[in-house]
Amino acid sequence: MMDGASVVDVGRWAVRRRTLTRSLRGRLQGGEYTWAVAFVVPYLAVFATFVAYPVVYGLWLGSEPSLYRELLRDPIYQGTIVNTVLYLALGVNVKMFLALLLSGFFMRPGWWMKVLLLIFVLPWAVPQISTFISIHWMLNGEWGFLNNALYTLFHVEGPSWLNDRWMALGAVIVSHIWKWTPFWTLILLAGRMAIPLEIRDTARVDGATGVRGFVYITVPLLANLYLISTLLSTIFLLGDFNAVYFVSGGGPADSTHVLATLGIRNAFDIAQPRLGVAAVMSALPLVIPLVIVLMRRLRTTEVQL
Amino acid sequence: MSPIRADAKAGGARVVAPPRRLIRRRRYLSHVGVGLLSVMLVVWSVAPIYNMVLIALEPEGDVFNDQLWPKAPSLESFRGVLTEGHWYLEHFWRQFANSLFLGAMVTFFTLLFGSMTSFSIARMRIRHGWLVSHAALLTYVIPASFLAIPFYRIMQNYGLANNPWSVIAALVAFATPYAIFVFQEYGRSIPIEVDESARIDGASPLQIYRRIYLPLMAPALVAVGTYALLLAWNEFLYQFLLLSTKSSMTVPVALAQFLNSDQSPWNYMMATAIIYAVPPVAIYYAFRRRMTAGLTMGGVKG
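The rules we used
Residue numbers here run from 1 along each chain, matching the order of that chain's written sequence. Whichever chain is written first is A, and whichever ligand is written first is 1; the rest continue in order. Local features are withheld for residues below a pLDDT of 70 in this predicted model, meaning they are given only at 70 or higher, and side-chain atom pairs are given and counted only at 80 or more; totals for whole chains, interfaces and linings count all residues. Going along the chain from the N terminus, every DSSP run of H or I of four or more residues is numbered as a helix, and every run of E of two or more is numbered as a strand. Residue burial is a threshold on neighbouring C-beta atoms within 10 Å of the residue's own C-beta, all placed from the backbone, with 20 or more meaning buried, 12 or fewer meaning exposed, and counts in between meaning partly exposed. In this description, any two residues whose backbone-derived C-beta atoms lie within 7 Å of each other are considered to be in contact. Only C-alpha atoms enter the line fits that serve as axes; for helices the fit covers just the stretch in contact. Angles between N-to-C directions range over 0 to 180 degrees. An angle below 35 degrees is read as roughly parallel, one above 145 as roughly antiparallel, one from 65 to 115 as roughly perpendicular, and any other as oblique. By convention the crossing between two helices is left-handed if the near helix lies anticlockwise of the far one by an angle smaller than a right angle, and right-handed if it lies clockwise. All amino acids are sorted into three groups, where Ala, Val, Leu, Ile, Met, Phe, Trp, Tyr, Cys and Pro are nonpolar, Asp, Glu, Lys and Arg are charged, and the leftover types, Gly among them, are polar. For this analysis, nonpolar core means a set of buried Ala, Val, Leu, Ile, Met, Phe, Trp, Tyr and Cys residues linked through C-beta atoms within 7 Å. For every residue, the predictor reports its confidence as pLDDT, a number between 0 and 100. What a helix should span is 1.5 Å times the count of its residues minus one.

Looking at the overall build of chain A
Then step 1. A count of helical and extended segments in chain A gives 15 helices and zero strands.
Then step 2. For chain A, the proportion of its 305 residues judged to be buried stands at 39%.

Below is the structure:
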């Protein structure tokens, strides 16, 4: 019902816009056209110099096939691929699912929910570097807060978390979830708030409460937002450098790198920039389809909002 | 035991209204559930931040202990940071000023270029404006860290390495697409007839931009401004690669330097991390409503 209405609206808008554009363009006289161009030029210059040029230069740097053969033979690169896939699969999905559930929890009425929400967004508000450094120290095997707490409360000797590949990778993933769940919860909360009250009330009268309300009302209406959020979050996470760099530092023995940090490590720590670019470029088979889908999706929501 | 079971049965049949005792019981259980979940969420959200405060409050040299709360809290490390009292912190205020300068410049140019571009596309309806929107959208979905290596090499070729303007350029390039996005969305709420009537009265495009467009866009400008400021303040990778001397680096780069040394003075480090976190947290809570408005307006951005 809602969709039909919005499609009609969009259609009418498009028609009105087209006629408007046509009439305006006819009247956009010489001087005004110059102004219009002058207003766009600064951004276009920034885009050409600092985005387009580095993209082209990067593609050129990583264009030799021999680089990829060398990468594939490198055991660190092989491990990095596994890490990146795990980081993407767990980081994105656990975080988004938690955000979906928590956004429902924060819909509850009452002053306590408002206060709790303020505390809950703290991880997002505090800068990444501060919190990731703190988490790094928290996980120290001997003097870290986590092991101190485990010992004081349960008399358990905690392991040294960052000295084992899988625990260190787990720590990175959990840190990412800790940092970004509040943000996506806010997004989904805004999405839930946008569901008209009448729909909810009508559904309640028809007996769709609790789980049934979630399955038949919330999920279909949030599906689009959830999908876009998941895709965006995937691409942001793919480019995430800080969580790995500060929590595990890629260690132990370069076993917890992801593509973004491996690229920087290859380019600067072992001074092979082409190999670094190649590592990053090997994510393109995933990046390009994501970018295409996102460009389309974001454009349609732009119209719908 | 048996009355409860009877109650449960009565509640199971939907036609009969559940007895009051069951309602009360259910409400009690949900209260307990909410309480438990709340406690878990608070502990989960606050733990790393508490850890920061805990270590910052330790007196020097006492970081290696197994306490869960500070036995003898001291503000010594904060004083040390603010008076640049440790050799690691020699340039703290300089670095703080660098971060501020970077944030201010990125905010200014993002707002300027973003508003100019969206004015031309959405209000003046320049021909092929959609191409510019697409370029912006494309930038928005390319991970910035993937361009760091070629960007660094280009800046080196231009002799701009170790120059704050190279970082400003990179961050403006990555923040402006979001600005264009949000401005176009927000601009839809301002009727085009406003511009039209100004045009008929003889206002030039520059006058319309300055006297009509910018004042009407004020809420969006605030939202995008805070976004750009926080982006610049929190960004690490480009600043780390492009700013390497102690007097040109910013606070996050200095913090990372701490981390890589063998004998990190952890209490000073955490005090620095807290002082560094205060401005963005304050800004965030002050502009909270505006920021979430911006988020829902322009889709989403992490």
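Some thoughts on the overall build of chain B
Then step 1. A tally of helices and strands in chain B yields 14 helices and zero strands.
Then step 2. A sequence separation of at least 24 residues applies to 74% of the contacts in chain B between residues at least 6 apart.

Regarding the interface of chain A and chain B
Then step 1. Across the boundary between the two partners, chain A contributes 76 residues, which contact 74 residues of chain B.
Then step 2. The element best represented in the side of chain A that touches chain B is helix α2 (residues 30–61) of chain A, accounting for 19 residues.

Remarks on unusual backbone geometry
Then step 1. Although it is not a glycine, His155 of chain A adopts a positive phi angle of roughly 55 degrees.
Then step 2. Among the secondary structure elements, His155 of chain A is positioned in the loop between α8 (145–154) and α9 (165–193).

What to know about the packing of helix α4 (residues 92–123) of chain B against helix α5 (residues 129–141) of chain B
All names here are of chain B.
Then step 1. Where α4 meets α5, the closest approach of the two axes is 9 Å, and the angle between their N-to-C directions is 140 degrees. Between α4 and α5, the angle is such that the two are oblique. Considering only the axes of α4 and α5, their crossing is left-handed. Contacts between α4 and α5 involve Thr117, Ser120 and Ile121 from the first element and Gly129, Val132 and Ser133 from the second.
Then step 2. Within the contact of α4 with α5, the residues separate by chemical class into two nonpolar, four polar and no charged.

Things to note about the nonpolar core
Then step 1. With 162 residues, the main nonpolar core has Leu171, Val172 and Val224 of chain B as its most contacted residues.
Then step 2. Counting residues per element, this core draws most heavily on helix α7 (residues 164–187) of chain B, which supplies 16 residues.

Some points on the environment of Tyr268 of chain B
Then step 1. Position of Tyr268 of chain B among the secondary structure elements: in helix α13 (residues 266–286).
Then step 2. For the pair Tyr268 of chain B and His91 of chain B, spaced 177 residues apart in sequence, the C-alpha separation works out to 14 Å.

A word on the confidence of the model for chain A
Residue and element names in this part refer to chain A.
Then step 1. Per-residue confidence for chain A gives a mean pLDDT of 83, with 88% of residues at or over 70.
Then step 2. Helix α4 (residues 75–105) holds the highest mean pLDDT among the elements of chain A, 93, whereas helix α1 (residues 2–27) holds the lowest, 50.
Then step 3. Considering only residues more than four positions removed or in separate chains, one finds that residues 1–8, a stretch of pLDDT under 50, has one contact.

Quick notes on the confidence of the model for chain B
All names here are of chain B.
Then step 1. In this model, chain B carries a mean pLDDT of 83, and residues with pLDDT of at least 70 account for 87%.
Then step 2. Across chain B, element-level confidence peaks in α4 with a mean pLDDT of 93 and bottoms out in helix α1 (residues 2–12) with 44.
Then step 3. Of the regions scoring below 50 in pLDDT, residues 1–13 engages in eight contacts with residues more than four places distant in sequence or in other chains.
Then step 4. Note that pLDDT drops below 50 for residues 296–302; the model gives that stretch 21 contacts with residues more than four away or on any other chain.

Remarks on the environment of Gly141 of chain A
Residues and elements named next belong to chain A.
Then step 1. The residue Gly141 is located in the loop between α7 (128–138) and α8 in this model.
Then step 2. Using a count of 14 C-beta atoms within 10 Å as the deciding quantity, one classes Gly141 as partly exposed.
Then step 3. For the pair Gly141 and Leu162, spaced 21 residues apart in the sequence, the C-alpha separation amounts to 7.7 Å.
Then step 4. Contact partners of Gly141, with chain neighbours within four places excluded, come to Asn147, Pro159, Ser160, Trp161 and Asn163.

Here we look at the packing of helix α3 (residues 65–73) of chain A against helix α14 (residues 273–281) of chain A
Residues and elements named next belong to chain A.
Then step 1. In contact at an axis separation of 9 Å, α3 and α14 are set at 80 degrees when each is read in the N-to-C sense. As judged from the angle between their axes, α3 and α14 are roughly perpendicular. From α3, Leu67, Tyr68, Glu70 and Leu71 reach across to α14, where they touch Arg274, Leu275, Ala278 and Ala279.
Then step 2. Its residues assigned to classes, the contact of α3 with α14 comprises six nonpolar, no polar and two charged.

Observations concerning helix α10 (residues 218–234) of chain B
Then step 1. Compared with the 24 Å implied by 1.5 Å per residue over 17 residues, the 24 Å span of α10 of chain B between its first and last C-alpha is a close match.
Then step 2. Burial analysis of α10 of chain B places 13 of its 17 residues in the buried class, which makes it a mostly covered element.

Notes on α4 of chain B
Then step 1. When the terminal C-alpha atoms of α4 of chain B are compared, their 45 Å separation across 32 residues agrees well with the 46 Å that a helix rising 1.5 Å per residue should span.
Then step 2. Once α4 of chain B finishes, Arg125 of chain B follows within two positions and takes phi at roughly 50 degrees, a positive value.

Some details on the environment of Leu100 of chain A
Residues and elements named next belong to chain A.
Then step 1. Topologically, Leu100 is positioned in helix α4.
Then step 2. Judged by C-beta crowding, with 21 C-beta atoms within 10 Å, Leu100 ranks as buried.
Then step 3. In this structure, the C-alpha to C-alpha distance between Leu100 and Phe132, residues 32 residues apart in sequence, is 24 Å.
Then step 4. Excluding anything up to four places from it in sequence, Leu100 contacts Leu188 and Tyr226.

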